[in-house]
Amino acid sequence: MFSKVLVANRGEIAVRVMRACEELGVRTVAVYSEADKHGGHVRYADEAYNIGPARAADSYLDHESVIEAARKAGADAIHPGYGFLAENAAFARKVEDSEFKWIGPSADAMERLGEKTKARALMQDADVPVVPGTTEPAESAADVKAVADDYGYPVAIKAEGGGGGRGLKVVHSEAEVEDQFETAQREGEAYFDNASVYVEKYLEAPRHIEVQILADEHGNVRHLGERDCSLQRRHQKVIEEAPSPALDDDLRERIGEAARRGVRAADYTNAGTVEFLVEDGEFYFMEVNTRIQVEHTVTEEVTGLDVVKWQIRVAAGEELDFSQEDVEIDGHSMEFRINAEAPEKDFAPATGTLTTYDPPGGIGIRMDDAVRQGDEIGGDYDSMIAKLIVTGSDRTEVLARAERALAEFDIEGLRTVIPFHRLMLTDEEFRAGTHTTKYLDEVLDRDRIEAAVERWAPDAVNGDDDEEDVTERTFTVEVNGKRFEVSLEERGAPAIPLGGAGAASKPSGPRKRRDDGDDDQQVIEGDGESVTAEMQGTILSVDVEEGDEVEPGDTVCVLEAMKMENDVVAERGGTVTQVLVGEGDSVDMGDVLLVLE
Ligand code: MV4
């Protein structure tokens, strides 16, 4: 076993990995950026190294800084967590070529599965069903039409380098083929430096089912059952569960065995996830995630296996000590991602100080987090601050337990998606377990999200908005031995801005969200004449052109940052006089995107 592991990540997953190390008697090394000096993962680790500025590209994504920290610490292995460098085959290779062990699949296996047509061909050869379509890149619009001739419309054009919802174009008729083919190529080039695309029949309303895999360096491959991640919003998972309410035992067995065959064929080691689409009782391979995933927790809860500990043990050369028959699925588990986002504002990322952080507990509750009360949550990284994992003997018990746990969860000072989760727990479709991947984006009524926030986070939408200069304070009083909570409103007094900075006068330059003391947390907002980027990212689309009239609140472009698609909204109306960015452009925080008059 290793004696010291460096965790090249932050937040809850860094702590999750360190907890596994702790149980294995392995010392832990954290790396952190300027923004994370007081981060939970830094507090947890035995030692910690500053690896650079807040911007991930200059710290958590910087290969040399991470390796240099491992050298300084005298670590003997590196665990990448998820995101950041986890699926970067070039980095994995660098680690393999160094004196450190890479806790993950080999760089070769990552490459074999990273390119989508290669992965499809490999799976097909291993007798794993793939979505009907091409296993070679499509050269022309005619190749797209050929797939449609065989299977009918709609068809999907996908970027070779894509994944996780990026670089997917759906073509509904022959008339759209030419345009969409060119768009897909152009976007592939812009986002992944790879214009190569391929074609699949498009499944209209599939479920997203993924199988957890563990493989050692001695030829043993096990699957740990499936997770259902069909509840997604713009390709972001919201609630995940195991087992899937949509599979019967026969399909469960077949999909698990298919996943095993597939990763065996790829000569894969360590933990991984094989993603499938399931529709009408059939399953189709989609892609392999060559990392530990956010939602690995629900698999751990129903199998009793510690996936992260096994990642470390397998990387240290140990053999899996259980057979496939030993893996039993017991009970049911659901994970609720606690994101700092305002659900009623299209899930715009929120920032603030956790003035209260009081998570639930009791039977069946697991909290994976790296925050504590008093922490400041900035906008530098992704918005997930914690995971609530609820386990019970069956799905019905989990639904009730989760309602109870989310009601207990007390967070103040920061907007979260908790009201949205509480809404889902009352939702007929979700409770029945019949929702598909289309449900959140195409079926769920937005008014219900607003109503949920009104109901479960009323202060967040009505109070604290210092327009009316109302300050609300809650007091506890005792009358005749009975306890009452009394809310008092103080009118006319100037509200105390959370961040200290005066919220009354508007700065003229671009505002950084972390300094923006009020609760009005738009992802990105224009400041009058120009619309600026409020975070570093890539322009996915520009929705207006010069001369267009826009109304306040109109989406003018979509900015991708940390794999999230964020609508950039015009704060004021006007005529677009200049568009300074195009699809695929990288922008920095504060860059002017367009000008309004
Ligand atoms: C599909 C599909 C239907 N048919 N491919 C979205 C993420 C990207 N990695 C693949 N995605 C999809 N590919 C075919 N041939 C539907 C989706 C899809 C989706 C998949 C999983 C979870 C949520 C989704 C939401 C929209 C579309």
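Counting restarts for each chain: residues are numbered from 1 in the order of the written sequence. With the structure being a predicted model, the display of local features is reserved for residues of pLDDT at least 70 and the display and counting of side-chain atom pairs for 80 or more, all residues being used for whole-chain, interface and lining totals. Heavy atoms throughout the structure, all of them, feed into the side-chain values; hydrogens and water do not.

- Where an unreviewed UniProt entry is consulted, the protein chain appears under the name Acetyl-CoA carboxylase biotin carboxylase subunit, with the organism given as Haloferax marinisediminis.

1. What about a negative patch on the surface?
Now for step 1: Distance thresholds for patches are 9 Å for like charges and 5 Å for nonpolar side chains (Val, Leu, Ile, Met, Phe, Trp, Tyr), applied to residues having over 30% relative accessible area and no salt bridge. Where accessible areas are quoted, they stem from the Shrake-Rupley method and a 1.4 Å probe; at the residue level, only the protein chains shown are allowed to cover. Salt bridges, as used here, are contacts in which a Lys or Arg side-chain nitrogen is within 4 Å of a carboxyl oxygen on Asp or Glu. His residues and chain termini do not enter the charge count, which takes Lys and Arg as positive and Asp and Glu as negative. By convention, the charge on Lys lies at NZ, on Arg at CZ, on Asp at CG and on Glu at CD. A surface patch of like charges, here negative, comprises E253, E319, D321, E325, D326, E328 and D330.
Now for step 2: Working definition: helices are DSSP H or I runs of at least four residues, strands are E runs of at least two. Numbering for both runs from the N terminus. Here E319 is to be found in the loop between α11 (307-315) and β14 (332-339).
Now for step 3: Think of it in three bands: with a 1.4 Å probe and only protein chains considered, a residue is buried below 20% of the maximum accessible area for its type, exposed above 50%, and partly exposed in between. What makes E319 partly exposed here is its relative accessible area of 46%.

2. Let's talk about the site of the ligand
Now for step 1: Looking at the ligand, there are 16 residues lining it, with K158, E200, K201, L203 and E287 nearest.
Now for step 2: Here a polar contact means two N or O atoms within 3.5 Å. Within protein one must be a hydrogen donor candidate and the other an acceptor candidate, and residues neighboring in sequence count only if both atoms are side-chain atoms. One nitrogen or oxygen atom from the side chain of E287 is found 3.1 Å from a nitrogen atom belonging to the ligand.
Now for step 3: Protein contacts shield 93% of the accessible area of the ligand, which totals 520 Å² for the unbound molecule.
Now for step 4: Looking at the shell around the ligand, the elements that each hand over two or more residues are β8 (197-201) and β13 (282-289).
Now for step 5: Ten residues, namely Ala, Val, Leu, Ile, Met, Phe, Trp, Tyr, Cys and Pro, are considered nonpolar, four, namely Asp, Glu, Lys and Arg, are considered charged, and the remaining ones, Gly among them, are considered polar. By residue class, the composition of the shell around the ligand is 6 nonpolar, 6 polar and 4 charged. Residues are classed as near a molecule or strand on a simple rule: at least one heavy atom within 4 Å of it.

3. Considering α11
Now for step 1: Taken across its 9 residues, α11 has 8 buried, putting it largely inside the fold.
Now for step 2: Within α11, burial applies to V307, V308, K309, W310, Q311, I312, V314 and A315.
Now for step 3: Capping the start of α11, D306 holds a side-chain oxygen 3.2 Å from the backbone nitrogen of V308, two or three residues further along.
Now for step 4: One or two positions beyond α11, positive phi appears at G317, with a value near 95°.

4. Observations regarding the packing of helix α1 (residues 11-24) against α11
Now for step 1: To get an axis, fit a line to the C-alpha atoms, keeping to the stretch in contact for a helix; angles then go from 0 to 180 degrees between the N-to-C directions. Where α1 contacts α11, the two axes come as close as 9 Å, and the packing angle between them is 65°. As for how α1 packs across α11, the hand of that crossing is right-handed. Counted together, R16, V17, A20, C21, E23 and L24 of α1 and V308, K309, I312 and R313 of α11 form the full contact between these two elements. Left-handed describes a crossing whose near helix is turned anticlockwise from the far helix by less than a right angle; the clockwise case is right-handed. For this analysis, residues touch if any pair of their heavy atoms sits within 4.5 Å.

5. A few points about the environment of P359
Now for step 1: Considering the arrangement of structural elements, one finds P359 in the loop between β18 (356-358) and β19 (365-369).
Now for step 2: Judged by relative accessible area, which is 29%, P359 ranks as partly exposed.
Now for step 3: Sequence separation of P359 and D369 is 10 residues, and the distance between their C-alpha atoms is 9.9 Å.
Now for step 4: Discounting chain neighbours no more than four positions away, the residues touching P359 are M367 and F409.

6. With respect to the packing of aromatic side chains
Now for step 1: Two aromatic rings, drawn from Phe, Tyr or Trp (for Trp, its six-membered ring), form a pair once their centres lie within 6.5 Å of each other, and the interplanar angle then sorts them: stacked below 30 degrees, edge-to-face above 60, tilted otherwise. The full count for this structure, using the stated rule, is 9 aromatic pairs.
Now for step 2: Ring geometry for F91 against W102: centres 5.8 Å apart, planes inclined by 80°, an arrangement best described as edge-to-face. Taken together, the residues span a long stretch of sequence, with F91 in helix α4 (residues 89-96) and W102 in strand β5 (residues 101-102) at a distance of 11 residues.
Now for step 3: Taking the relative accessible area as the measure of exposure, F91 reaches 0% and is therefore buried.
Now for step 4: By relative accessible area, which is 4% here, W102 ends up buried.
Now for step 5: Ring centres of F347 and F420 lie 5.2 Å apart, and the angle between their planes is 85°; this geometry places the pair in the edge-to-face category. Pair noted here: F347 is in the loop between β15 (341-342) and β16 (348-349) and F420 is in helix α13 (residues 418-424), with a separation of 73 residues, a long-range link.
Now for step 6: Assessed through its relative accessible area of 7%, F347 is described here as buried.
Now for step 7: The exposure class of F420 is buried, given its relative accessible area of 2%.
Now for step 8: Taken together, the aromatic side chains of Y60, F84 and Y381 make up a single cluster linked through ring pairs.

7. Quick look at the sheet that holds strand β28 (residues 555-561)
Now for step 1: Read across the sheet, 4 strands follow the order β29-β28-β26-β31 without closing on themselves; strand pairing throughout is antiparallel. Where the open sheet ends on each side, the last strands, each with one partner, are β29 (564-569) and β31 (586-587). Two strands make a pair as long as DSSP finds a minimum of two bridges between them.

8. Description of the nonpolar core
Now for step 1: By nonpolar core we mean a set of buried residues, namely Ala, Val, Leu, Ile, Met, Phe, Trp, Tyr and Cys, connected to one another through side-chain atoms within 4.5 Å. Among the nonpolar cores identified, the biggest contains 38 residues, and F336, I338, I385, L388, I411, F420 and M424 are the most heavily contacted of them.
Now for step 2: At the level of secondary structure, the elements contributing two or more residues to this core comprise β11 (236-242), β14, β19, β21 (384-392), α12 (395-408), α13, α15 (439-443) and α16 (446-456).
Now for step 3: The greatest single-element share of this core, amounting to 5 residues, is contributed by α12.
Now for step 4: Source of the domain bounds: an automatic or database domain assignment. Of the domains in this structure, domain 2 (103-130 + 204-329) and domain 4 (334-459) are the two that each give at least three residues to this core.
Now for step 5: Contact partners of F420, with chain neighbours within four places excluded, come to V238, P343, F347, L440, L444 and I449.
Now for step 6: If you look at the next biggest cluster of nonpolar residues, it comprises 31 residues, including F2, I103, A271 and W310.

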